[in-house]
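Coordinates in review
This is what each chain is made of:
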Amino acid sequence: MTDLSAGSGLSTRRHLGKAVYQNRAASRAGFSERLFALLFSGLVYPQIWEDPDVDMAAMELDESHRIATIASGGCNVLAYLTRQPKSIDAVDLNAAHVALNRLKLTAFRTLPSHGDLLRFFGATDERANSEAYERFIAPHLDARSRKHWEGRDLLGRRRIRAFSHNFYRCGLLGFFIATGHTAARLYGVNPADIMKARTLREQRIFFEEQLKPLFERGAIRWITSRKASLFGLGIPPAQYDSLLSAGDGTMAEVLSNRLEKLACHFPLKENYFAWQAFARHYPAHGEATLPAYLEKRNFETIRSSVDRVTVHHVNLVDMLRAKPSESLDRFVLLDAQDWMNDEQLNTLWREITRTAAPGARVIFRTAAAPSLLPGRVSDTLLSQWRYEKMRSRELTANDRSAIYGGFHLYVKPGTARS
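The rules behind the values
Residues numbered from 1 in each chain as written. Predicted model: local features only at pLDDT ≥ 70, side-chain atom pairs only at ≥ 80, totals over all residues. Heavy atoms only, no water. Helix = DSSP H or I, 4+ residues; strand = E, 2+ residues; numbered from the N terminus. Buried < 20%, exposed > 50% of the residue type's maximum accessible area, 1.4 Å probe, protein only. Areas by Shrake-Rupley, 256 points an atom, 1.4 Å probe, with all protein chains shown as cover. Core = buried A, V, L, I, M, F, W, Y, C linked by side-chain atoms within 4.5 Å. Contact = heavy atoms within 4.5 Å. Expected span 1.5 Å × (residues − 1). Polar contact = N/O pair within 3.5 Å; in protein donor to acceptor, adjacent residues only side chain to side chain. pLDDT = per-residue confidence, 0-100. Pairing = 2+ DSSP bridges. Axes fitted to C-alpha atoms, helices over the stretch in contact; angles between N-to-C directions. Right-handed = clockwise from strand over helix to strand, strands pointing away. Phe/Tyr/Trp six-rings, centres within 6.5 Å; stacked < 30°, edge-to-face > 60°.

1. Here's the deal with the overall build of the chain
Each helix and strand counted, the chain has 19 helices and seven strands in total. Within the chain, the proportion of its 418 residues that are buried is 56%. A total of about 18100 Å² of accessible surface is found on the chain, and carbon and sulfur atoms cover 52% of it.

2. Some points on the nonpolar core
Among the nonpolar cores identified, the biggest contains 125 residues, and L103, F120, F121, W149, F278 and W349 are the most heavily contacted of them. For F120, the contacting residues outside a window of four places in its chain are L103, L111, N129, A132, Y133, I137, I160 and F163.

3. Quick look at helix α5 (residues 95–110)
The terminal C-alpha atoms of α5 lie 22 Å apart, and with 16 residues this matches the ideal 22 Å at 1.5 Å per residue to within 8%. Of all 16 residues that make up α5, 14 are buried, and the element is covered over most of its length. With a side-chain oxygen lying 2.8 Å from the backbone nitrogen of A96, the N-terminal cap of α5 falls on N94.

4. Description of the confidence of the model for the chain
On average, the chain scores 90 in pLDDT, and the residues at 70 or more come to 88%. In the predicted structure, residues 1–12 sits below a pLDDT of 50 and forms 33 contacts with residues beyond four places in sequence or in another chain.

5. Concerning the environment of R386
For R386, the location among the structural elements is in strand β6 (residues 386–387). Through-space distance from the C-alpha of R386 to that of K412 is 6.2 Å; in sequence the pair is 26 residues apart. Not counting chain neighbours up to four residues away, the residues in contact with R386 comprise L409, Y410, V411 and P413. In this structure the side chain of R386 is engaged in a polar contact, spanning 2.7 Å, whose partner is the side chain of E388.

6. Remarks on the sheet that holds β6
Spatially, seven strands are ordered β3-β2-β1-β4-β5-β7-β6 in an open sheet, and the strand pairing comes out mixed. Sheet topology places β3 (309–312) and β6 at the edges, where each strand pairs with a single neighbour. Inspection of the sheet shows strand β2 (residues 87–91) paired to β3 by four bridges, in the parallel sense. Paired with I88 across the strands is V309, a residue of β3. Strand contacts of helix α17 (residues 342–355): β4 (328–332), β5 (356–366) and β7 (406–411), with the helix running at about 145 degrees to β5, the strand carrying the most contacts.

7. What to know about the pairing of β5
Burial runs high along β5: 10 of the 11 residues are buried. The parallel pair β4 and β5 is bridged by α17, and the resulting crossover is right-handed. As paired strands, β5 and β7 are joined by six bridges and run antiparallel to one another. For F364, the partnering residue across the bridge sits in β7 and is H408.

8. Describing the packing of aromatic side chains
A full pass over the atoms with the stated rule returns 17 aromatic pairs. Ring centres of F364 and Y410 lie 5.8 Å apart, and the angle between their planes is 15 degrees; on these two criteria the pair is classed as stacked. Residue F364 is found in strand β5, and its partner Y410 is found in strand β7; the two are separated by 46 residues along the sequence. Summarising the burial analysis for this pair, F364 and Y410 share the class buried. Each member of the aromatic cluster is reached from another via a ring pair, and the members are W49, F120, F121, W149, F163, F167, Y168, Y272, F273, Y282 and Y293.

9. Digging into the pairing of β2
The two faces of a sheet get side chains in turn, since along a regular strand they alternate between them. The buried fraction of β2 amounts to five of the five residues, a majority that puts the element mostly inside the structure. Side chains of β2 alternate between two faces, with S87, D89 and V91 and I88 and A90 buried alike. Pairing analysis gives five bridges linking strand β1 (residues 66–70) to β2, with the strands arranged parallel. Each residue of the ladder has a partner; that of R66, found in β2, is S87. With helix α4 (residues 75–80) bridging β1 and its parallel neighbour β2, the resulting β-α-β unit is right-handed.

Structural data, given as structure tokens:
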């Protein structure tokens, strides 16, 4: 399979600029967009924050399906492999995310056992991970990804060193969560204390008494009213405006509502997203469920399927343009459309519609609850798809990550390939 990765002269920031810049550089909005692109050019998501179990339920994956997806942290790509689809093309504008996906795939190929994989990606303070990288992974990793992981961060430390400590405290998202914990502690609240709850009722009490009042504090309301405050969640200025429309006019209220779902709607034993948000690590063996790709029962299935994945450092539209008509069955857009203007949306959906086989499915998430396509994507394109409104609502409610307002499923009518 051809790898469409951009050459070394085409930087992550150039990719991001094309996706994010919608205003003049000299304007206030333009400055905000360029600051976001600068911050987003490094590692953002050590863990993806879209629930792959919901994705797989929506897509009804089987071994015949050919998937195009945005890669992000790669947890979704590996989860899809538990269903052994025919192929996965994973794309990302961020070179650090590309390197992370390739590291994970190579680790599945080369680490001796599930225990080694779980130690590398699921544990903290495992000094043996550096040795495992050198001995098993590095000799088989592509040159560009190896250069990334063996390169230095701003403090002069090799990036791969993060896996010997707590990788999930790294990146822009890790910094954002750490900042949230620090702010809470300044008001006498330790978010990690919710992990002592044993029932949904106890989780609810902790949220109502400890976490919810934080969003009524003047300082927190002021800080979250600034668009740059959410850059750590990977939310660009355009998506901030969309997210704001989901509440009562204040970002503090929106964030409180999203945190309420994360803290209260799912038992902690079933929600590893809550573990990362509140405990700052994954659960130990037997404490709670893990991401699908870290579960022992899926190890051999994923290991045998990693060669079905190709990771591209390229824009999704450019990857689709290189595909023949009706050559793809499933499309995973994450929340990327929240970044787009109308012209970009229509360009994307022209290529999706052209490359979609009969019976194809498109899934995506939005900051606000409604689908953003009606009124923005042309009726000529949208009329070729059926929106599954009730199913989308069910899947939104089931999404354990809880940070999005809506999950959306579109289906292209026709008989799927047998």
